[in-house]
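# Structure assessment
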Amino acid sequence: MSYKVEYIWIDGSQPTAKLRSKTKVLPDGKVLPIWGFDGSSTNQAEGHASDCVLAPVFSCPDPLRGGGDLLVLCEVLSTDMEPHPSNTRAAMAQTAVRFADQEPLFGIEQEYTFFDGARPLGFPAGGYPAPQGDYYCGVGAGEIFGREIVERHLEYCLAAGLGISGINAEVMPGQWEFQVGPLSPLDVADQLWVARWLLHRTAEEFGVSVSLDAKPAKGDWNGAGAHTNFSTRAMRESYDAIITACDALGQDDKPLEHIRHYGHGVQERLTGHHETAPWSSFSYGVSNRGASVRIPWQVARDKQGYIEDRRPNANVDPYQVTRLIVDTCCTALEKAGQV
Ligand code: ADP
Ligand code: MN
Ligand code: MN
Ligand code: MN
């Protein structure tokens, strides 16, 4: 007997990396080997030296094929077995190890938009649907487009054992969200990439495509983000630590350093409208969905909990956003003795 393993990796596409995958058939009982691919077809190598290496880092049951089949997320290495330039996980793993004793946790809200050809799902041919207002968490065929895909994706994520914690319909028709976490930095980022792969793959079964574009419809329509919720053990126990983390994110050149790695097109999305803060000015506040960073109301009441960085785009690389937030906030918490 044999089993099938889907090797999944992140390519070198610019400005936003894409997911790729291919299947390896293995004899039963064989452990997951490293594998390779043609990097010249994924913007990861030149044709004359095109081999790249796939090193498995996270695996889970494959809910699509079932049985003993697996999904395997890989890091891309060069043939000298060093991290490939497109590999953002390697640096993030170092940061996660360095600050592991602060026990950082993340919950990421992944927004996305279904497309039927060139149009967001639910947008009529040659026109626009009714303005925003009734779609967010809506019910009924006039408000909801693609629920059968969303439900199937949720089932697949749960069957794969991913730490998915919820789903909801979003403000624009055809736009949805799922949340992954709370989990450790590496787990949340790995599992978000696998959940994204499953989303593309599920929608494929319905002939629909998925866009993580930050501003998929121009005009008076909400963009798509990836609000990133974050805490450390100290933040889960003290409000002073919550404030230290918020202040650290606003200090000196930190806002710009973060924004630069929060996804392609972040300036087009963070306009100060559509529940965003302008990208050029950092702010934080309790319950404020017009701030860069929100302190949820129950966190202000309980004087402990987590913060929500509302700036990352839907197309953000979760390895980048988790690396930056852990580095900025955990360094400041360490300096303040709040660990
Ligand atoms: P919103 O009200 O912004 O839409 P959601 O319910 O969509 O919030 O998402 C909140 C996210 O915060 C969830 O993914 C949840 O797992 C995560 N979360 C909850 N508690 C913590 C915590 N202590 N640290 C980090 N993330 C957390
Ligand atoms: Mn949400
Ligand atoms: Mn949302
Ligand atoms: Mn949110």
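Residues numbered from 1 in each chain as written. Chains lettered and ligands numbered in written order. Predicted model: local features only at pLDDT ≥ 70, side-chain atom pairs only at ≥ 80, totals over all residues. Heavy atoms only, no water.

## Thoughts on the coordination of the manganese ion (ligand 4)
Formally: Sites may look incomplete because water is not among the atoms; the donors themselves are N, O and S atoms within 2.8 Å of the metal, or within 3.2 Å for Na, K and Ca. We count a stretch as a helix when DSSP gives it H or I for four or more residues in a row; a strand needs E for two or more, and each element gets its number in order from the N terminus.
Distances from the manganese ion (ligand 4) to its protein donors, Glu109 (OE), Glu109 (OE), His227 (ND1) and Glu308 (OE), fall at 2.0 to 2.6 Å. Ordering the donors of the manganese ion (ligand 4) by residue number gives the pattern E-x117-H-x80-E. Between the manganese ion (ligand 4) and the manganese ion (ligand 2) the interatomic distance amounts to 3.9 Å, and Glu109 serves as a bridging ligand to the pair. Taken together, the residues span a long stretch of sequence, with Glu109 in strand 6 (residues 105–116) and His227 in the loop between strand 10 (209–211) and strand 11 (228–231) at a distance of 118 residues.

## Things to note about the site of ligand 1
Put simply, the rule reads: What makes a residue near a molecule or strand is one non-hydrogen atom of that residue sitting within 4 Å of it. The definition of a polar contact used here is a pair of N or O atoms within 3.5 Å, where within protein one atom must be able to donate a hydrogen and the other to accept one, and adjacent residues in sequence count solely through side-chain atom pairs. Shrake-Rupley sampling with a 1.4 Å probe provides the accessible areas, and residues are treated as covered by the protein chains on show and by no other component.
By nearness alone, 17 residues border ligand 1, and Glu177, Pro182, Ser231, Arg294 and Glu308 come closest of all. Within the backbone of Gly107, a nitrogen or oxygen atom sits 3.4 Å from a nitrogen atom of ligand 1. One of the backbone N or O atoms of Gly181 is found 3.1 Å from an oxygen atom in ligand 1. Bound to the protein, ligand 1 loses 75% of the 590 Å² it would expose on its own.

## So, the domain arrangement of the chain
We count it as follows: Domain start and stop positions are those given by an automatic or database domain assignment. Working rule for contacts: check all heavy atoms of both residues, and any pair within 4.5 Å makes them a contact. Values labelled buried area give the accessible surface lost by two parts on being combined, using a 1.4 Å probe and summing over both. The term salt bridge refers to a pairing of a side-chain nitrogen on Lys or Arg with a carboxyl oxygen on Asp or Glu at a separation within 4 Å. In this classification, Asp, Glu, Lys and Arg are treated as charged, Ala, Val, Leu, Ile, Met, Phe, Trp, Tyr, Cys and Pro as nonpolar, and every other residue, Gly included, as polar.
Domain annotation of the chain identifies domain 1 (2–87) and domain 2 (95–335). Counting residues at the interface gives 14 residues for domain 1, matched by 17 residues for domain 2. Considering only the side of domain 1, the residues that lose the most area to domain 2 are Leu19, Phe58 and Leu64, jointly responsible for 36% of the buried surface there. The interface formed by domain 1 and domain 2 contains zero salt bridges. Summed over the shared surface of domain 1 and domain 2, the number is one residue pair in polar contact (both at pLDDT 80 or more). Where the side of domain 1 that touches domain 2 is concerned, the elements lending two or more residues are strand 1 (2–10), strand 2 (19–27), strand 4 (51–61) and strand 5 (70–77). Looking at the side of domain 1 that touches domain 2 residue by residue, the classes come out as 11 nonpolar, two polar and one charged.

## Some remarks on the coordination of the manganese ion (ligand 2)
Condition: Any residue under 20% of the maximum accessible area for its type is buried, any over 50% is exposed, and the rest in between are partly exposed; the area is computed with a 1.4 Å probe on protein chains only.
The protein atoms that coordinate the manganese ion (ligand 2) are Glu109 (OE) and Glu177 (OE), at distances of 2.2 to 2.3 Å. In this structure, the manganese ion (ligand 2) is positioned 3.8 Å from the manganese ion (ligand 3), and both are ligated by Glu177. With Glu109 in strand 6 and Glu177 in strand 9 (residues 175–183), this residue pair connects regions lying 68 residues apart in the sequence. This pair shows no difference in class: Glu109 is buried, exactly as Glu177 is.

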